[in-house]
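Listed here are the chains, written in short residue letters.
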Amino acid sequence: MSTMSGKNSPEGEEGAGRMKSESWGQSNAAGDVRRGRVILVAYLIVTLELTFLFMQFGVMPYLAKSLGLDSVGFGYLQTTFGVLQLVGGPIFGRFADQFGNRAALTLSCASASAFFLLLSISTSVPILFLSRLPSVFMHGLPGAQKVITDLTAPSERAAALGKLGLCFGVGIIIGSALGGVISTKFGIFVPMYFGLVGSLINTVLSVVWIPSPSKPKSEHRKTEHSSVFNIREILRVLKFPGVMEIFLVKVLSGFPIGLFLIMFSIISIEFFGLEAVESGYLMSYFGVLQMALMRTVWHYCIIVVPLVFAFNVLGTITDSILTKAVPSTDTGAMLGICASVQPLTRTVGPTLGVILYKQFGVSSFGYLQLIVNASLFVYLLKSKSPLRDTKSH
């Protein structure tokens, strides 16, 4: 009796409540540590993937040239890569929504492994083009964005997504520099071997560390009834209020930068006369490039500083707003569509870039950037519908 009365007394209830509160607090603390570790692993996977990707970007034009491809053929190679990623981005996003982040990131890393494997044995033009095929599912950056979106509160999301810009910069700096040095000293295929080993490591990291699913099962059931390849479901997310406007701003503002980035390797060889190592060093300094009124490499480097800042800030802000503007069950599809922006540029960019370069010179890329962004600036100032970052329900 005394035991039961003790349990029912105010002191007993208060003690039980305190123990429950402490247990809940410890559980939350452990959960926060776990989420923090998962996010760090996502950052690591992105950094490694981008490092290896930019290693091959730096040597790709030299490999293509050694196999007999001219600038037109290299443009076709770039277009093939762009089309595959353009098609695969939204599908990858839907795949992440339906099967979880672990499955999506593992698919991306495994595809990267196949990509580098084929690239490492590309001793002919047909195999070189075949090596582009696995890139349809190589979407480590949107995969990591999906992990971070699911594991962070809306108020913390912009800061967490912004750190991916740091990962992007590290990948460009290390990858571009190492690609030129390694290919020059040890052979043009050695960076591909590094990419293959690193991608396999990323695959293991994804399987071991990334939780799946990150959302409650009740949320995943809402998307299980439709196919990953359902185009109508993919495009449906653009119909939420404000989404299309923000998405178009993202596309238009990034197009001139992406256009020149596609042409960078060719311009480095033909306009500046750089070798693979020098091209890698230059690429590692700025990553995202522009050339308004430039005549030397030093002009190049000065102009890029504010451009990189603006590009990264704009990308982070738009991605954060777009993921908040759609339901949590559609964040993967939204990020997949966002991931198709750069592939879209790579698809139409080579043809347009060659025309601009041949007909109007290097400075035409800078003028295009000025015209597009000045127009967007005026539009956003006069826009009556402000860009809100409220979460859609």
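Residue indices begin from 1 for each chain and proceed along its sequence in written order. Totals for whole chains, interfaces and linings use all residues, but because this is a predicted model, local features are given only for residues with pLDDT of at least 70 and pairs of side-chain atoms are given and counted only at 80 or more. Side-chain metrics rest on all non-hydrogen atoms present in the structure, leaving aside hydrogens and water.

Thoughts on the overall build of the chain
So, point 1. Within the chain, the secondary structure is distributed over 16 helices and 0 strands.
So, point 2. Residue burial in the chain is summarised as follows: out of 393 residues, 52% are buried.
So, point 3. The contact rule is simple, with two residues in contact once any of their heavy atoms fall within 4.5 Å. Put simply, of all contacts in the chain between residues at least 6 apart along the chain, 80% involve residues at least 24 apart. Elements are defined by DSSP. Helices are runs of H or I of four residues or more, strands are runs of E of two residues or more, and each kind is numbered from the N terminus. The rule is simple: take the accessible area with a 1.4 Å probe, protein chains only, and divide by the maximum for that residue type; under 20% is buried, over 50% is exposed, in between is partly exposed.

Observations regarding the pattern of salt bridges
So, point 1. For salt bridges, the criterion is a side-chain nitrogen of Lys or Arg within 4 Å of an Asp or Glu carboxyl oxygen. If you walk through the whole model with that rule in mind, you get 5 salt bridges.
So, point 2. Two residues, Glu233 and Arg236, come together in a salt bridge whose shortest N-O distance is 3.1 Å. You can see Glu233 and its partner Arg236 sitting in helix 10 (residues 231-236), 3 residues apart, about one turn around the helix.
So, point 3. Glu233 sits in the buried class, given a relative accessible area of 18%.
So, point 4. Here Arg236 ties to Asp330 by a salt bridge, and the two come within 2.9 Å at their closest N and O atoms.

Observations concerning the packing of aromatic side chains
The relation between two aromatic rings is expressed through the spacing of the ring centres and the mutual angle of the planes.
So, point 1. To pair, rings of Phe, Tyr and Trp, with the six-membered ring standing in for Trp, must have centres within 6.5 Å; the planes then decide the type, stacked if under 30 degrees apart, edge-to-face if over 60, and tilted in the middle. Overall, the coordinates contain 6 aromatic pairs when judged by the stated rule.
So, point 2. Ring plane angle 55 degrees and centroid distance 6.3 Å describe the contact between Phe81 and Phe115, whose orientation is recorded as tilted. Placement of Phe81 in helix 3 (residues 71-99) and of Phe115 in helix 4 (residues 101-120) is noted, with a sequence separation of 34 residues between them. As far as burial versus exposure is concerned, Phe81 and Phe115 are alike and both buried.
So, point 3. Counting every residue linked through ring pairs, the aromatic cluster contains Phe54, Phe57, Phe81, Phe115, Phe116 and Phe168.

Notes on helix 14 (residues 331-339)
So, point 1. For helix 14, a buried count of 9 out of 9 residues is recorded, marking the element as mostly surrounded by other parts of the structure.
So, point 2. Residues of helix 14 that are buried: Thr331, Gly332, Ala333, Met334, Leu335, Gly336, Ile337, Cys338 and Ala339.

Digging into the UniProt feature "transmembrane region" (unreviewed entry) in the chain
So, point 1. In the numbering used here, UniProt assigns the "transmembrane region" (unreviewed entry) feature to residues 40-63, 75-93, 105-129, 160-181, 188-210, 257-277, 297-317 and 360-381.
So, point 2. Note that residues 75-93 is 100% helix and 0% strand, and that its end C-alpha atoms are spaced 27 Å apart.
So, point 3. Regarding residues 160-181, the helix share stands at 100% and the strand share at 0%, and the terminal C-alpha atoms are separated by 32 Å. UniProt positions are given in the numbering used here, feature names are shortened, and annotations may be inferred rather than shown by experiment.

Concerning the nonpolar core
So, point 1. What makes a nonpolar core is a set of buried Ala, Val, Leu, Ile, Met, Phe, Trp, Tyr and Cys residues whose side-chain atoms join them at distances within 4.5 Å. In this structure, Tyr43, Ile45, Val46, Val147, Ile148, Leu164 and Ile210 are the most contacted members of the largest nonpolar core, which totals 23 residues.
So, point 2. Among the elements of the structure, helix 2 (10-66), helix 4, helix 6 (140-151) and helix 7 (154-186) are those that each provide at least two residues to this core.
So, point 3. At 9 residues, helix 2 tops the list of elements feeding residues into this core.
So, point 4. Among residues more than four places away in sequence, those in contact with Ile148 are Ile39, Tyr43, Ala160, Leu161 and Leu164.
So, point 5. In this structure, Phe52, Met55, Phe115 and Val190 belong to the second largest nonpolar core, which totals 21 residues.

Considering the packing of helix 4 against helix 8 (residues 190-209)
So, point 1. Every axis in this analysis is a line fitted to C-alpha atoms, fitted for helices over the stretch in contact. Angles between the N-to-C directions lie between 0 and 180 degrees. At their nearest, the axes of helix 4 and helix 8 sit 8 Å apart, and the two run at 165 degrees to each other. Overall, the two elements helix 4 and helix 8 adopt an arrangement that is roughly antiparallel. Crossing hand, helix 4 versus helix 8: left-handed. On helix 8, the residues that touch Arg102, Leu105, Thr106, Cys109, Ala110, Ala112, Ser113, Phe116, Leu117, Leu119 and Ser120 of helix 4 are Met192, Tyr193, Gly195, Leu196, Ser199, Leu200, Asn202, Thr203, Ser206 and Val207.
So, point 2. Under the convention adopted here, Pro, Cys and the residues Ala, Val, Leu, Ile, Met, Phe, Trp and Tyr are nonpolar, Asp, Glu, Lys and Arg are charged, and Gly plus all remaining residues are polar. Taken together, the residues of the contact of helix 4 with helix 8 break down into 12 nonpolar, 8 polar and 1 charged. Here roughly perpendicular refers to angles of 65 to 115 degrees, roughly parallel to angles under 35, roughly antiparallel to angles over 145, and oblique to all remaining angles. A crossing counts as left-handed when the near helix is turned anticlockwise from the far one by less than a right angle, and as right-handed when that turn is clockwise.

Quick notes on helix 7
So, point 1. Each helix should span, by expectation, one fewer than its residue count multiplied by 1.5 Å. For helix 7, which comprises 33 residues, the first-to-last C-alpha distance of 47 Å matches the rise-based estimate of 48 Å (1.5 Å per residue) to within 8%.
So, point 2. At the C-terminal side of helix 7, Gly187 shows a positive phi close to 120 degrees.

What about the side chain of Asn202?
So, point 1. Its location among the elements puts Asn202 in helix 8.
So, point 2. Asn202 has contacts with Ile45, Leu48, Glu49 and Cys109, leaving out every residue within four places of it along the chain.

Some remarks on the environment of Met138
So, point 1. Note on placement: Met138 falls in the loop between helix 5 (125-130) and helix 6.
So, point 2. A C-alpha to C-alpha distance of 8.7 Å links Met138 and Phe115, two positions 23 residues apart in sequence.
So, point 3. Not counting residues up to four positions away in its chain, the partners in contact with Met138 are Leu53, Gln85, Ser108, Ser111, Ala112 and Phe115.

Remarks on the confidence of the model for the chain
The predicted structure's coordinates, where accompanied by low pLDDT, should not be read in detail.
So, point 1. A residue-level look at the chain finds 73% of positions with pLDDT of 70 or above and a mean pLDDT of 78.
So, point 2. Between residues 216-221, whose pLDDT stays under 50, and residues either more than four places distant or in other chains, the model counts 8 contacts. Within a predicted model, pLDDT stands for the predictor's per-residue confidence, ranging from 0 to 100.

Quick notes on a nonpolar patch on the surface
So, point 1. A contiguous nonpolar surface patch, about 340 Å² in accessible area, is contributed by Val204, Val207, Val208 and Trp209.
So, point 2. The topology assignment puts Val204 in helix 8. Within the patch definition used here, like charges are joined within 9 Å and nonpolar side chains (Val, Leu, Ile, Met, Phe, Trp, Tyr) within 5 Å, considering only residues with over 30% relative accessible area and no salt bridge. Shrake-Rupley sampling with a 1.4 Å probe provides the accessible areas, and residues are treated as covered by the protein chains on show and by no other component.

Topic: the environment of Ala96
So, point 1. Among the structural elements, Ala96 can be located in helix 3.
So, point 2. Taking the C-alpha atoms as reference, Ala96 lies 9.2 Å from Val228; in sequence the two are 132 residues apart.
So, point 3. Residues within four places of Ala96 in sequence aside, it is in contact with Asn101, Ala104 and Lys146.

Overview of the packing of helix 6 against helix 7
So, point 1. Two numbers describe how helix 6 lies on helix 7: the axes approach to 10 Å, and their chain directions differ by 155 degrees. With respect to each other, helix 6 and helix 7 are oriented roughly antiparallel. In this structure, helix 6 crosses over helix 7, and the sense of that crossing is right-handed. Taken together, the residues of helix 7 that come into contact with helix 6 (itself represented by Leu141, Ala144, Gln145, Ile148 and Thr149) are Arg157, Ala160, Leu161 and Leu164.
So, point 2. Taken together, the residues that form the contact of helix 6 with helix 7 break down as 6 nonpolar, 2 polar and 1 charged.

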